[in-house]
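# Examination of the molecular architecture
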Amino acid sequence: MSEASAVRPHLERRFETQRVVFWHDPDGEYAADLDSLGLESVEIVRVANDEYAIKHRLLHLRSEAKFLVYRSGAVPTGVGNWLLDLELAYGVFTADWTSLVHKELGLTADGIGEVIQAHEKFFRATKRVQSLKKLLDANDDARLLRAKMSAVLLGLGEHSLLEITRALLIENASGVGAKYGALVDYGLDEFYWHGVGSIYGYTSPNPSIDDFVLWVFRQAIAGFKFDRPGGLRNIQLDFASLRNDRRSQEALTILAKRAAGDLDYASTIEDASFRQLLGNDLFEEIDRKIISDLARAVVERTVTAREVTEVIRSRQSSIWIDDYRKLYAAIGSASDLLTTLGALNVSMQSFDEGLERYRQDWFRIDQLYRQFIYAARTVPAEYSRVLEALRAQVEKFYVNKFIYDLGKAWQQQVDGVDRWWSAVLRLQTSFFTDHVAPIIRDGRRKAVVVISDALRYEVAEELGSRIRQEDKFDATLDAMLGVLPSYTQLGMAALLPHSTIGHSKDGDPVLVDGQRSDGTANRSKVLDAVGGRAVQAEDVFSLTRDEVRELYQQHQVLYVYHNRIDATGDKAGTERQVFEATEDTLRELVDLVKRLTNANATNILITADHGFLFRDTALADSSYLSTLPQGDEIKITNRRYVLGRGLKEDPAFKSFTSAQLGLDSDLDVLIPKSIHRLRLPGAGSRFVHGGASLQEIVVPVLAINKKRKSDTRLVNVEVLPESDKITTGQLVIKLFQSEPVSEKVQARTVRAGLYVGETLISNQPELVLDQESTDKRDRYQSAHMLLSQDANGYNNRVVEFRLEERIPNTNQWRVYAKATYTLKRSFASDFDI
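Every chain begins its residue count from 1, and numbering advances along the sequence as written. With pLDDT at 70 or above as the cut-off, local features in this predicted model cover only qualifying residues; side-chain atom pairs require 80 or more to be listed or tallied, and sums for whole chains, interfaces and linings still use all residues. To obtain the side-chain values, all non-hydrogen atoms of the structure were used and water was disregarded.

## Topic: the pattern of salt bridges
When a carboxyl oxygen of Asp or Glu lies within 4 Å of a side-chain nitrogen of Lys or Arg, that pair is called a salt bridge. The tally for this structure, following the rule as stated, stands at 70 salt bridges. The residue arginine 275 makes a salt bridge to glutamate 307 at a minimum N-O spacing of 2.6 Å. With arginine 275 in the loop between α15 (265-268) and α16 (284-300) and glutamate 307 in helix α17 (residues 305-314), the pair connects residues that are 32 residues apart, well separated along the chain. Residue class for glutamate 307 comes out partly exposed when judged on its relative accessible area of 24%. One salt bridge in this structure joins aspartate 778 and arginine 306, with 2.7 Å as the shortest N-O distance. Within this pair, whereas aspartate 778 is found in the loop between β28 (766-769) and β29 (780-786), its partner arginine 306 is found in helix α17, the two being separated by 472 residues in sequence. A run of H or I in DSSP becomes a helix once it reaches four residues, and a run of E becomes a strand once it reaches two; helices and strands are each numbered from the N terminus. Working definition: with a 1.4 Å probe on protein chains only, accessible area under 20% of the residue-type maximum means buried, over 50% means exposed, and in between means partly exposed.

Okay, here's the thing in structure tokens:
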């Protein structure tokens, strides 16, 4: 604060009630600032051995005017002071700096003056004082004044030890120390460490933020054991807040990594079982240890799939989960896959039974394999070695026990058919008749068909689940028997309206009712007969909402072609990225559905031209046919099919005529049996389609509708108190998730707390209610509440347990459920933890 600016408000307040103010300034400290005071309608008179003249002027010549009578130097005493009578009448103003600041702050408690004197540097800045005044309450004592001064230096609006500590730890994590340096510069560091010592229990002859951080993590490792009444309870509660609060969570993870290294924490848990670590997420070394041991246990078959699921679910609340989510997902998928394969029986009695069992059950093995490989391929490189043994086992079992065994068993059924037809699945060639025509028949409804190249059945099943999780959306999955050979040109043609379909003279293009069906333009010509049009998905993505609506309104049928999976898998250089492309496809198709429904589309069908076979590892020579196709005229040779005329029978191939396949052509077809490929130069081999495997020819049809009313909600949770009293420093409150989580009943995240009025007296653990089990016993969860030292002041009072949930799209919380208790603790209960 400048000298003049500090004095002026006090003088102005005096002039509000009197016209003359006498100012004694013995050291002449303010003499140079008098003319800059800017006191409105006040004459400034300096006393210069003219006391009688001044008195005459004040009382007779200008008896109505306001005067500031300034007197520097020593003032005569007694009758030697000719202005004594007026000074006694009006009082004397002295600009003692400490008194001025004290008055400006408006605080009356003892010790305030001493604080001002001890921290003069702080109060010399007007801006700081003005910021401080905004935080002050008239009843604040010296301790609160220092706390709020600290808050001002740190740029905070709150002055609690927790918030000051949060600011200092965030700064420390960033590698700078300006804020702590400010506390030191203004003499408030000792006050801070005194508070840390008395409230948190940390003491040191040379305290520092680095040392405090290490101390806190040591106490956390030890479980904040209490060795005195109250002990470390406050730091335990505030440490939980610091770690879980979004404002400081990132900083605490940085500090945790630093502490783990300093303490060599990893070596202390080398011999621990992953089961012993499940309730702990202090350091990321814990998640690494759990993941490593869990992956090994899955490989060694020493853990059940159910336990793996529970372990992974319990770790979703770890503060490190974002870095390890995919690793946990990979282990979970591998565990489920290996467990399923362990009980797999691929025997079937008929062609139709094979189709039915694949679409009802076996497809999940392909799905789990995809989910595992995707997660394993996309984890950070430094973590991938953890999955090496598991990856090798998954690949071995999937290829040998599923792909090979299923392919062999299914081939026996394929060998027994003399025409490509099923009693349980409608043909892909009747797609338009079966699925589209019923929608548009009366002319009042429109249809949108989204065709995603190589969207195999298991991917569509997951897509349906994702869409059903969206509010107001429903999705129903059906299946068709895909065309043979199962490749793009023929599969795309089969989905168009037609009476006849067949290969052209040289195989491709495929003709429908004599028209070419390759390319968007030709497909639009075919669709024109039913008021339809073909467009590319990328074009739809580029349109505005109004433009999509106009496109939809102008046509009775809209065919939207999407190509991500096949475009990636069909290239030798990118085929191993096909599952990443599948994940992109899932996201893009959900987005596409939303764009279409926003344009008022209500009947959407998602389907594919064919499926695919994929394995992540390179194929052995035994996976390739050792013979080449023979015939009079071979038109097309692909890894999974051959087209030609006069093709020779061969035990390595299943042969069909076009008529047997329902095609209007004179070409014959050879399909390599089971999962075998033809070896072709320059072509990839991991990703293939065109053959007759179940993965290639069970084609999905996903029917999507959007409802008018919301149909998703959060799962219901009940509070189940076992008593109405709190008698110790800890309380375990049982919660019950009243129903399983599903696509439409979604997980609920809550924050628990104990309150007296609006005062929090406990920790605030967050709990996720996300159990999918139909067994009620699996849907219980406990909130472990720890009372703070503040709770001691509320004995025999009513306490409210609250479950709160975050208000969507905000950082605010609202009460979801509550229960009432009475706090009845004895002194001895302070030692109960």
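And the narrative resumes.
## What about the sheet that holds strand β7 (residues 473-481)?
Whether parallel or antiparallel, the strands of a sheet pair through hydrogen bonds between backbone atoms. By definition, two strands form a pair when at least two bridges between them are found by DSSP. Spatial ordering of the open sheet is given by β5-β7-β20-β13-β6-β12-β11, a layout of seven strands whose pairing is mixed. Because the sheet does not close on itself, it has two edges, and the strands there are β5 (426-427) and β11 (532-536). Pairing of β11 with strand β12 (residues 557-562), which is carried by five bridges, proceeds in the parallel orientation. For arginine 533, the partnering residue across the bridge sits in β12 and is leucine 558.

## Comments concerning helix α7 (residues 126-135)
Looking only at α7, the buried set comprises Arg128, Val129 and Leu132. Seen along its axis, α7 keeps its buried residues to an arc of 95 degrees; they face one direction. Exposed residues lying more than 90 degrees from the buried face of α7 are Lys127 and Lys134. Contact partners of the buried residues in α7: α4 (97-105), α6 (120-123) and α8 (142-153). This arc corresponds to the set of directions leading from the helix axis out to the C-beta atoms. Note on contacts: a residue pair qualifies if any of its non-hydrogen atoms lie within 4.5 Å across the two residues.

## Here we look at the packing of helix α9 (residues 161-173) against helix α14 (residues 249-262)
Only the stretch in contact is used when fitting a helix axis, every axis being a line fitted to C-alpha atoms; angles between N-to-C directions are given from 0 to 180 degrees. At their nearest, the axes of α9 and α14 sit 8 Å apart, and the two run at 60 degrees to each other. Relative to α14, the element α9 is oriented oblique. The two elements α9 and α14 meet at a crossing, and its hand is left-handed. From α9, Leu169, Ile170, Asn172 and Ala173 reach across to α14, where they touch Ala251, Leu252, Ile254, Leu255 and Arg258. Any angle that falls under 35 degrees is termed roughly parallel, while one over 145 is termed roughly antiparallel, one within 65 to 115 roughly perpendicular, and all others oblique. A crossing counts as left-handed when the near helix is turned anticlockwise from the far one by less than a right angle, and as right-handed when that turn is clockwise.

## As for the side chain of threonine 582
Along the chain, threonine 582 falls in helix α28 (residues 578-598). Among the residues examined, threonine 582 registers a relative accessible area of 0% and is labelled buried. Apart from the residues within four sequence positions on either side, threonine 582 is in contact with Arg370, Val459 and Ile565.

## Brief notes about the sheet that holds strand β9 (residues 507-512)
One open sheet accounts for three strands, arranged β8-β9-β10; its pairing is antiparallel. Of all the strands in the sheet, the pair left with one neighbour each is β8 (501-504) and β10 (515-516). Taken together, the two bridges between β9 and β10 define a ladder with antiparallel strand orientation. Bridging from a neighbouring strand, leucine 511 pairs with arginine 516 of β10.

## Some remarks on the nonpolar core
Only buried Ala, Val, Leu, Ile, Met, Phe, Trp, Tyr and Cys residues count toward a nonpolar core, and they belong to the same one when joined by side-chain atoms within 4.5 Å. Within the largest apolar cluster, 202 residues are counted, with the highest numbers of intra-cluster contacts made by Phe212, Tyr559 and Ile606. Here this core takes 13 residues from helix α19 (residues 351-378), the largest share from any one element. With sequence-adjacent residues up to four places away left out, tyrosine 559 is seen in contact with Phe431, Phe432, Val436, Val449, Ile451, Leu495, Leu496, Pro497, Leu527, Arg533, Ala534 and Val535. Counting residues in hydrophobic clusters, the runner-up holds 27 residues, among them Val717, Val719, Ile733 and Ala783.

## Overview of the side chain of arginine 19
Looking at the secondary structure, you find arginine 19 in the loop between α1 (3-15) and β1 (20-25). Lys and Arg are tallied as positive, Asp and Glu as negative. Neither His nor the chain termini are counted. The buried charged residue arginine 19 lacks any salt bridge partner; its closest oppositely charged side chain belongs to glutamate 64, at an N-O distance of 6.3 Å. Among the polar contacts listed, one links the side chain of arginine 19 to the backbone oxygen of serine 63, at a separation of 3.1 Å. Think of a polar contact as two N or O atoms within 3.5 Å of one another; within protein, one of them needs to be a possible hydrogen donor and the other a possible acceptor, and neighboring residues in sequence only count if both atoms come from side chains. Looking at arginine 19, its side chain comes within polar contact range of the main-chain oxygen of alanine 65, at 2.6 Å.

## Remarks on the packing of aromatic side chains
Between rings of Phe, Tyr and Trp, where Trp is taken as its six-membered ring, a pair exists when centres lie within 6.5 Å; planes separated by under 30 degrees are stacked, by over 60 edge-to-face, and by other angles tilted. One pass over the full model with this rule turns up 32 aromatic pairs. Pairing tyrosine 559 with tyrosine 561 gives two aromatic rings, centres 6.3 Å apart and planes at 45 degrees, and the pair type is tilted. A residue is classified by how much of its surface remains accessible, and tyrosine 559, at 0% relative accessible area, is buried. By the ring-pair criterion, three or more aromatic residues cluster together here, those being Tyr180, Tyr192, Trp193, Tyr200, Tyr202, Phe212 and Trp215. In this structure, arginine 679 packs its charged tip against the face of tyrosine 624, placed 4.0 Å from the ring centre. Look at NZ for Lys and CZ for Arg. If either is within 6 Å of the ring centre and within 35 degrees of the ring normal, a charge sits over the ring.

## A few points about the pairing of strand β16 (residues 642-647)
Judged by how many residues are buried, β16 sits mostly within the fold: five of six residues are covered. Across five bridges, strand β15 (residues 631-637) lies against β16 in antiparallel orientation. Counted as the bridge partner of isoleucine 636 is leucine 643 from β16. Between β15 and β16, which pair antiparallel one after the other, the connecting turn spans four residues. In this sheet, strand β18 (residues 668-672) lies alongside β16 in antiparallel orientation, the contact comprising three bridges. Looking at the pairing, glycine 644 lines up with aspartate 668 of β18.

Bear in mind that shape data such as this cannot, by itself, settle questions of function.
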